[in-house]
Amino acid sequence: MLSSYLPVLLMIVAGIAVAGGMLALKSLLGPRNATPEKQKPFECGRESTGSAHARFSIKFYLVALLFIAFDIEIVFLYPWAVVAKGLGVVGLVQMGVFLGVLVLGFIYVWKKGALEWD
Amino acid sequence: MNPVVQMSTTFALLPLVILAASGVALLLLEVFGSGERREYLGYLAIAGAVSAGLAMVGITVSAGGGATFFDGAMVVDRFASFVGVGVLAFLVFAVLLSVDYLREHQIARGEYYALLFFAAAGMLVVASAGDFIVLFLGIELLSLSIYVLAGYWRSTDLSVEASIKYFLLGSFASAILLFGIVLIWGEAGTLSFAALKSAAAGGAVWQNTAFVVGVFLVLGGIAFKVAAVPFHMWTPDAYQGAPTSVTAFMGAAVKLAGFAALVRVFPMSFGGGAGAMWVEPVVVLALITMTVGNLAALTQSNVKRLFAYSSIAHAGYVLAGVAVAGLVLGKGDGAASRDALAGVLFYLATYGLTFLGAIGVVILLGRRGDENLTLDAWSGFGWQAPAAGIAITVFLMSLGGIPPTAGFFAKFYLLRATIEGAGVQGAASGTLYTLAIFIALNSLIALGYYLKLIIFLYMRRPEKELTPTRLPVVSIAVVLLVFLVLALGVLPGRLYDFGYSAFAALR
């Protein structure tokens, strides 16, 4: 019974081999010329300023969460769009209900003031 | 794949639709309604919960047997009806407890009721799940809503702590549950409970290590939701920190939904029979859960923590009922396992009502700025608030299993099924007698702290004056609950038969 897991084991071994091999090859073949600039954290090619552990406003998280929530819903539109013809009017109505609930959520978020920055 | 929605499907989903629509409506009223007066939101919530409950009763009465929808993904059978009616009854009482509580502490908002409704919708989905994906969906819907509700009173540190602890541990448990589901799917090739039932009855899958590991992971995930030891660590903190009205809903409804998932997956799908490996772990879980819960409750000085540990102990009794069902399923004519599962449903229903009532009295004795949650604060309250004192005495008697309250028959049915099972040919009578002895001894230990509360209420010099306040809706709810607990303690038969009918076909 355990032999049926052999492909899984091979997969794990292959994964480790590929990842480890690349790291090993890099340190074997890659040129090394460490300049002070190369040791710095990357910040869009500019001189680094300040600490990376700055405090962000909580508003960023709120906006990000709202973006994800509404963005993910769009994903559901794609499979529907592909088969929309086959599903016909019933599919259209069901999608309308889905989007209608979404719009209600959007109205709630808007009226609640979650989209205002101040 | 027929996308046309049938009329009967719409009818079967009516309680869910009412709950979701009321939730969304309350959200919109919250933002469009006038600023100060939030009280009408509570009364609208009561109306929504009651109408969802009536729809559920309508389905129960009209659809006697079992009907499946969405290619078997949702099942509306007697079991789903019992759990659905229970959840919605608990929801109605939870809303009744909330209206005054939120006003008293000035935290009334529409989102609160909306989240309660979404949680109840998740519980209905759990109750009528026909496969693992729908079950997981329901558990997530109810869990996410409850995580937020636990942290709803966000200006208090305890509430935020409760929410974050519950969320972190709960999402971990969900991941474990999902991993178990994946393993089961990988080995059995199906997620449908009906198909898994025939696969498990064959017995061959129990020889498959990965399948058994999957079953154990699912058991662990659900054991977290019902707060079984050793998956109970979040319970005291979550129950203590959450707003008291949310605690009431958690202890009654979340427990019912969690056990609905447990019963649907284990006794009803995986069944007993040769080599059903879920049974022994559930026996062990039951024994340690009731013992640890009761012993820990003995030392608590906070009322909400005391009820939290007591709820863990009660989860242990219910687990014992599930274990009994597993031990005798497939042996004899299966009557003892049907009795045990009917006892489980009866226990959950009456425990939920009692717990709601007990927490209702906690709300009655709390005041703005000081919820009076320590045992010392309760000293002499039995004389200062005589009606609340009598009510909590009834509820404590029910929790302790003293007649003439519902809690007596709850324990009686479980013990009767356990002893009955020990007499069945081929059942592990030693294990069953051990369970019976543990239930009896633990009921005795539990009286230690239930009576302690009564001692504080009536036999201690008052530490403070209980200022009068206006909590009319909570009072009505508590009176109704006292009546129900006493009525079910005198006439338990109808509810028990309703529960029994859910398992009529189980062998």
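Residues numbered from 1 in each chain as written. Chains lettered and ligands numbered in written order. Predicted model: local features only at pLDDT ≥ 70, side-chain atom pairs only at ≥ 80, totals over all residues.

(A) The overall build of chain B, seen in detail. Looking only at helices and strands, one finds 20 helices and two strands in chain B. Taken over the C-alpha trace, chain B has a radius of gyration of 22 Å; the compact-globule value for 507 residues is 23 Å, and the two agree within 12%. Across its three principal axes, chain B shows a C-alpha extent of roughly 65 × 55 × 40 Å. Here chain B holds 507 residues, and 59% of them are scored as buried. Within chain B, counting contacts between residues at least 6 apart in sequence, those at least 24 apart form 81% of the total. (Helix = DSSP H or I, 4+ residues; strand = E, 2+ residues; numbered from the N terminus. Rg over C-alpha atoms; globule rule 2.2 N^0.38 Å. Buried ≥ 20, exposed ≤ 12 C-beta atoms within 10 Å, placed from the backbone. Contact = placed C-beta atoms within 7 Å.)

(B) Looking closely at the overall build of chain A. Each helix and strand counted, chain A has three helices and zero strands in total. Along chain A, helices (α) and strands (β) appear in the sequence α-α-α when read from the amino end. At 25 Å, chain A has a C-alpha radius of gyration far larger than the 13 Å of a compact globule built from 118 residues. C-alpha atoms of chain A, sized along the principal axes, occupy 60 × 55 × 30 Å. Of all 118 residues assigned to chain A, the portion counted as buried reaches 0%.

(C) How the structure looks around helix α16 (residues 386-400) of chain B. All names here are of chain B. Under the 1.5 Å per step criterion, the end-to-end length of α16 is 21 Å for 15 residues, consistent within 8% with the ideal 21 Å. With respect to burial, α16 is a largely interior element, eleven of its 15 residues being buried. Every buried residue of α16 is accounted for by Ala388, Gly389, Ala391, Ile392, Val394, Phe395, Leu396, Met397, Ser398, Leu399 and Gly400. Buried residues along α16 sit against α13 (303-328), α14 (335-365), α15 (381-384), α17 (406-422), α18 (429-459) and α19 (472-490). The positive-phi residue at the C-terminal boundary of α16 is Gly401, with phi of around 85 degrees. (Expected span 1.5 Å × (residues − 1).)

(D) Fine view of the environment of Gly91 of chain A. Residue and element names in this part refer to chain A. With respect to the element layout, Gly91 can be found in helix α3 (residues 58-112). The exposure class assigned to Gly91 is partly exposed, which follows from the 15 C-beta atoms found within 10 Å. On a C-alpha basis, the gap between Gly91 and Leu25 in space is 54 Å, while along the polypeptide they are 66 residues apart.

(E) Just the interface of chain B and chain A, in detail. Tallying the contact residues gives seven residues for chain B and nine residues for chain A. Along the lines of polarity and charge, the residues of the side of chain B that touches chain A split into seven nonpolar, no polar and no charged. (Nonpolar A, V, L, I, M, F, W, Y, C, P; charged D, E, K, R; others polar.)

(F) Structural detail: the confidence of the model for chain A. When pLDDT is averaged along chain A, the result is 85, and 97% of the positions lie at 70 or above. When the elements of chain A are averaged for pLDDT, helix α2 (residues 36-39) of chain A gives the smallest value, 74, and helix α1 (residues 6-29) of chain A the largest, 92. (pLDDT = per-residue confidence, 0-100.)

(G) Inspection of the packing of helix α2 (residues 14-32) of chain B against helix α5 (residues 110-127) of chain B at higher detail. All names here are of chain B. Axis separation between α2 and α5 bottoms out at 8 Å; the angle between their running directions is 165 degrees. Relative to α5, α2 is oriented roughly antiparallel. Where α2 crosses over α5, the handedness of that crossing is left-handed. Contacts between α2 and α5 involve Pro15, Leu16, Leu19, Ala20, Ser22, Gly23, Leu26, Leu27, Leu29 and Glu30 on the former and, on the latter, Gly110, Glu111, Tyr113, Ala114, Phe117, Phe118, Ala120, Ala121 and Leu124. (Axes fitted to C-alpha atoms, helices over the stretch in contact; angles between N-to-C directions. Parallel < 35°, antiparallel > 145°, perpendicular 65-115°, else oblique. Left-handed = near helix turned anticlockwise from the far one by under 90°.)

(H) Local environment of the nonpolar core. Residues and elements named next belong to chain B. Counting residues in hydrophobic clusters, the biggest one holds 209 residues, and the most contacted among them are Val87, Leu116, Ala120 and Ala253. Ranked by the residues each element gives to this core, the list is headed by α14, at 21 residues. What Ala253 contacts, discounting residues up to four positions off in sequence, is Val87, Phe90, Leu91, Ala94, Ala120, Met123 and Gly352. (Core = buried A, V, L, I, M, F, W, Y, C linked by C-beta atoms within 7 Å.)

(I) Inspection of unusual backbone geometry at higher detail. Residue and element names in this part refer to chain B. Cis rather than trans, the peptide bond between Val229 and Pro230 has omega equal to 5 degrees. Looking at the element boundaries, Pro230 is found in the loop between α9 (209-225) and α10 (234-241). Residues Pro403 and Pro404 are joined by a peptide bond in cis, for which omega reads 5 degrees. Summarising the element assignment, Pro404 is placed in the loop between α16 and α17. Although it is not a glycine, Phe70 sits at a positive phi angle of roughly 55 degrees. Position of Phe70 among the secondary structure elements: in the loop between β1 (67-69) and β2 (74-76). On the neighbour-count criterion, Phe70 (13 C-beta atoms within 10 Å) is partly exposed. A positive phi is found at Asp71, a non-glycine position, where the angle reads about 55 degrees. Tracing the backbone through its elements, the reader meets Asp71 in the loop between β1 and β2.

(J) Quick peek at the environment of Met74 of chain B. All names here are of chain B. Positionally, Met74 belongs in strand β2. Assessed through the 23 C-beta atoms surrounding it within 10 Å, Met74 is described here as buried. For the pair Met74 and Phe179, spaced 105 residues apart in sequence, the C-alpha to C-alpha distance is 22 Å. Each residue touching Met74, except ones within four places of it in the same chain, is listed here: Thr68, Phe69, Ser128, Gly130 and Val134.

(K) Up close: the environment of Gly100 of chain A. Within the secondary structure layout, Gly100 of chain A lies in helix α3. Sequence spacing of Gly100 of chain A and Ala54 of chain A is 46 residues, and the spatial spacing of their C-alpha atoms is 40 Å.

(L) Region of interest: the packing of α13 of chain B against α18 of chain B. Residues and elements named next belong to chain B. The interhelical angle for the contact between α13 and α18, taken along N-to-C directions, is 165 degrees, at an axis separation of 11 Å. One finds that α13 runs roughly antiparallel with respect to α18. As α13 packs across α18, the resulting crossing turns out to be left-handed. Taken together, the residues of α18 that come into contact with α13 (itself represented by Leu306, Ser310, Ala313, Tyr317, Ala320, Ala323, Val324 and Leu327) are Thr431, Leu432, Leu435, Ile439, Asn442, Ala446 and Tyr449. Here the residues of the contact of α13 with α18 sort into twelve nonpolar, three polar and no charged.

(M) A look at the confidence of the model for chain B. Residue and element names in this part refer to chain B. Looking at chain B, the pLDDT average stands at 91 and 97% of residues meet or exceed 70. Within chain B, no element has a lower average pLDDT than helix α1 (residues 7-12), which sits at 72, and none a higher one than helix α6 (residues 132-150), at 96. Scored below 50 in pLDDT, residues 1-5 makes five contacts in the model with residues more than four places away or belonging to other chains. In the predicted complex, the global pTM is 0.90; the interface-specific ipTM is 0.79.

(N) Spatial organisation of α5 of chain B. Under the 1.5 Å per step criterion, the end-to-end length of α5 of chain B is 26 Å for 18 residues, consistent within 8% with the ideal 26 Å. Most of α5 of chain B sits out of view: 17 of its 18 residues are buried.

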